[in-house]
Amino acid sequence: MDKPYGLHTLTGTLGWAWPPPVQDSRTVAFTDIPSWASRHQSSCKFAPPYPSAPYKGGRANQSEVKTSRIDPHIRLRRAIHKNNLLLVRRILHSHPDLLHNPDYNDNANTSLHLAASLGHISIIEHLVHLGHDAHSISLNTRFETPLMLAITAKHLDACETILTAYPRSVKWTNKAGMDSLMLAARAGLTALIPSLLRGPLGADPRHHDIDGNTALHYASASGELMALRLLMSAGASPHAQIA
């Protein structure tokens, strides 16, 4: 009879035979070992080691295996979505090259774009600490900065955090020619307008988009009276014409 698993029969001084004899051609299952050993233990000088519980196979850790096989690019984006700062730190510590991690299925938004659009302050601060936009401002395929996405989503605290870290991103414009000041006027983020106008890197209230609209036009269209007053006091012209 063929010997299962290619093992040889052990006899002699051991006092027991391995593998146990079978009555048909079926292979001896691993879970049959405990019951077979218990029946022959009295005639053995020592019993073969066997597990106290049946072997469950590879499926026992299947979920862990699947998690470990997920691409770290995807894991990082998921961690940002869930606002899991601890996991973001662990991933970026193991994969520092994934700091920007542009998502080409989502307008090439970077890690900072994603965190800004979600308003996750702690993750934004950590990305800034790691120097996400220290050398150049991140732009997606629509030429939008992380600050622009935070303004569009009306996350005021996220806007202030990014603005403090990267004030030079204020004057960047998207494909429509809109800067952060226009987006803030349209979104009604009146509290952010003074910060956007402040300093030598501040926005120009007279700047217009590709259609000739200024921040004053957007504030007027949105019915933001306070924004209108702030913009006019900063030098915005009420006589600006749309091209």
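Keep in mind that what you see is a predicted model, and the values were worked out from it rather than measured.

Asks: Could you clarify how one ought to interpret the nonpolar core in this entry?
Replies: The tendency in soluble globular proteins is for nonpolar side chains to be buried as a group. Core analysis: the largest hydrophobic core is formed by 47 residues, its most contacted members being Leu147, Ile151, Leu192, Leu196 and Leu231. The biggest single contributor to this core is helix 9 (residues 180-187), with 6 residues. If near-sequence neighbours (up to four positions away) are discounted, leucine 196 is found in contact with Leu147, Leu163, Val170, Ser180, Leu181, Ala184, Gly202 and Ala203.

Asks: Would you take a moment to explain unusual backbone geometry for this structure?
Replies: A negative phi angle characterises most non-glycine residues, just as the trans form characterises most peptide bonds. Of note, the phi angle at asparagine 101 is positive, near 45°, even though the residue is not glycine. The topology assignment puts asparagine 101 in the loop between helix 4 (85-94) and helix 5 (111-118). Accessibility expressed as a relative area gives 5% for asparagine 101, which makes it buried. The phi dihedral of phenylalanine 143 is positive, around 60°, even though this residue is not glycine. With respect to the helices and strands, the residue phenylalanine 143 is situated in the loop between helix 6 (121-129) and helix 7 (146-152).

Asks: I keep staring at the pattern of salt bridges and nothing clicks. Help me out?
Replies: Note on pairing: side chains with opposite charge can pair once their charged atoms come close. Under the defined criterion, the tally for this structure stands at 3 salt bridges. Where aspartate 103 meets arginine 77, a salt bridge forms, and the shortest distance between an N and an O atom there is 3.7 Å. Pair noted here: aspartate 103 is in the loop between helix 4 and helix 5 and arginine 77 is in helix 3 (residues 72-81), with a separation of 26 residues, a long-range link. Exposure remark for arginine 77: the relative accessible area of 18% places this residue in the buried category. Of the charged contacts in the structure, one is a salt bridge between arginine 206 and aspartate 204, with a shortest N-O distance of 3.3 Å. On the basis of relative accessibility, which here comes to 34%, the residue aspartate 204 falls in the partly exposed class.

Asks: Sorry, what's going on with the confidence of the model for the chain here?
Replies: Summing up the model confidence of the chain, the mean pLDDT is 81 and the portion of residues at 70 or higher is 70%. The model gives residues 42-56 a pLDDT under 50, and that stretch makes 20 contacts with residues more than four places away or in other chains.

Asks: Quick question: what am I supposed to make of the side chain of threonine 110 here?
Replies: Tracing the chain through its elements places threonine 110 in the loop between helix 4 and helix 5. With residues up to four places along the chain from it excluded, the contact list for threonine 110 reads His100, Asn101, Pro102, His132 and Ser138.

Asks: Looking at this structure, I do not really get helix 9. What am I missing?
Replies: Note: α-helices contain 3.6 residues per turn, so residues at a spacing of three or four share the same orientation. Within helix 9, 7 of the 8 residues are buried, which leaves it mostly tucked inside the rest of the structure. Among the structural elements, helix 7, helix 10 (193-197), helix 11 (215-221) and helix 12 (225-233) are those in contact with the buried residues of helix 9. With a side-chain oxygen positioned 3.3 Å from the backbone nitrogen of leucine 181, the residue opening helix 9 is aspartate 179. Phi for glycine 188, located one or two positions after helix 9, is positive at around 80°.

Asks: Please explain a nonpolar patch on the surface as it appears in this structure.
Replies: A grouping of Leu139, Phe143 and Trp172 is seen on the molecular surface, where their side chains present a nonpolar patch of about 270 Å² in accessible area. Here leucine 139 lies in the loop between helix 6 and helix 7. Looking at leucine 139, the relative accessible area reads 31%, which means it is partly exposed.

Asks: Even after reading the chapter, I still don't get the packing of aromatic side chains, so can you show me in this structure?
Replies: A ring pair, where both rings are aromatic, is described by two values, the distance of the centres and the angle of the planes. According to the stated counting rule, one finds 0 aromatic pairs in the structure shown. Positioned over the ring face of phenylalanine 143 is lysine 175, at 5.5 Å from the centre of the ring.

Asks: What is the right way to read helix 8 (residues 156-165) from this model?
Replies: Here helix 8 has its buried residues at Ala158, Cys159, Thr161, Ile162 and Leu163. Of the surrounding elements, those touching the buried residues of helix 8 are helix 5, helix 6, helix 7 and helix 10.

Asks: Help me out: how do you make sense of the packing of helix 6 against helix 8 in this one?
Replies: When two helices pack together, their arrangement is given by the angle between their axes and by how far apart the axes lie. Put simply, helix 6 and helix 8 touch, their axes get as near as 10 Å, and they point 10° apart. Judged by the angle between their axes, helix 6 and helix 8 are roughly parallel. Contacts from Ile121, Ile124, Glu125 and Val128 in helix 6 reach Asp157, Ala158, Thr161, Ile162 and Ala165 in helix 8.

Asks: What am I meant to see in the packing of helix 3 against helix 4 here?
Replies: Direction vectors running N to C along helix 3 and helix 4 enclose 155°, while the axes themselves pass 8 Å from each other. Classified by the interaxial angle, the pair formed by helix 3 and helix 4 is roughly antiparallel. Here helix 3 runs over helix 4; the crossing is left-handed. Of the residues in helix 4, those in contact with Pro72, Arg75, Leu76, Ala79 and Ile80 of helix 3 are Leu87, Val88, Ile91 and Leu92.

Asks: Teacher, can you tell me more about the environment of leucine 118 here?
Replies: Note that leucine 118 resides in helix 5. Between the C-alpha atoms of leucine 118 and histidine 81, which are 37 residues apart in sequence, the distance is 7.4 Å. In contact with leucine 118, not counting residues within four places along its chain, are Ile80, His81 and His155.

Thresholds applied
Residues numbered from 1 in each chain as written. Predicted model: local features only at pLDDT ≥ 70, side-chain atom pairs only at ≥ 80, totals over all residues. Heavy atoms only, no water. Core = buried A, V, L, I, M, F, W, Y, C linked by side-chain atoms within 4.5 Å. Buried < 20%, exposed > 50% of the residue type's maximum accessible area, 1.4 Å probe, protein only. Helix = DSSP H or I, 4+ residues; strand = E, 2+ residues; numbered from the N terminus. Contact = heavy atoms within 4.5 Å. Salt bridge = Lys/Arg side-chain N within 4 Å of Asp/Glu carboxyl O. pLDDT = per-residue confidence, 0-100. Polar contact = N/O pair within 3.5 Å; in protein donor to acceptor, adjacent residues only side chain to side chain. Patch = residues over 30% accessible without salt bridge, like charges linked within 9 Å, V, L, I, M, F, W, Y side chains within 5 Å. Areas by Shrake-Rupley, 256 points an atom, 1.4 Å probe, with all protein chains shown as cover. Phe/Tyr/Trp six-rings, centres within 6.5 Å; stacked < 30°, edge-to-face > 60°. Lys NZ or Arg CZ within 6 Å of the ring centre and 35° of its normal. Axes fitted to C-alpha atoms, helices over the stretch in contact; angles between N-to-C directions. Parallel < 35°, antiparallel > 145°, perpendicular 65-115°, else oblique. Left-handed = near helix turned anticlockwise from the far one by under 90°.

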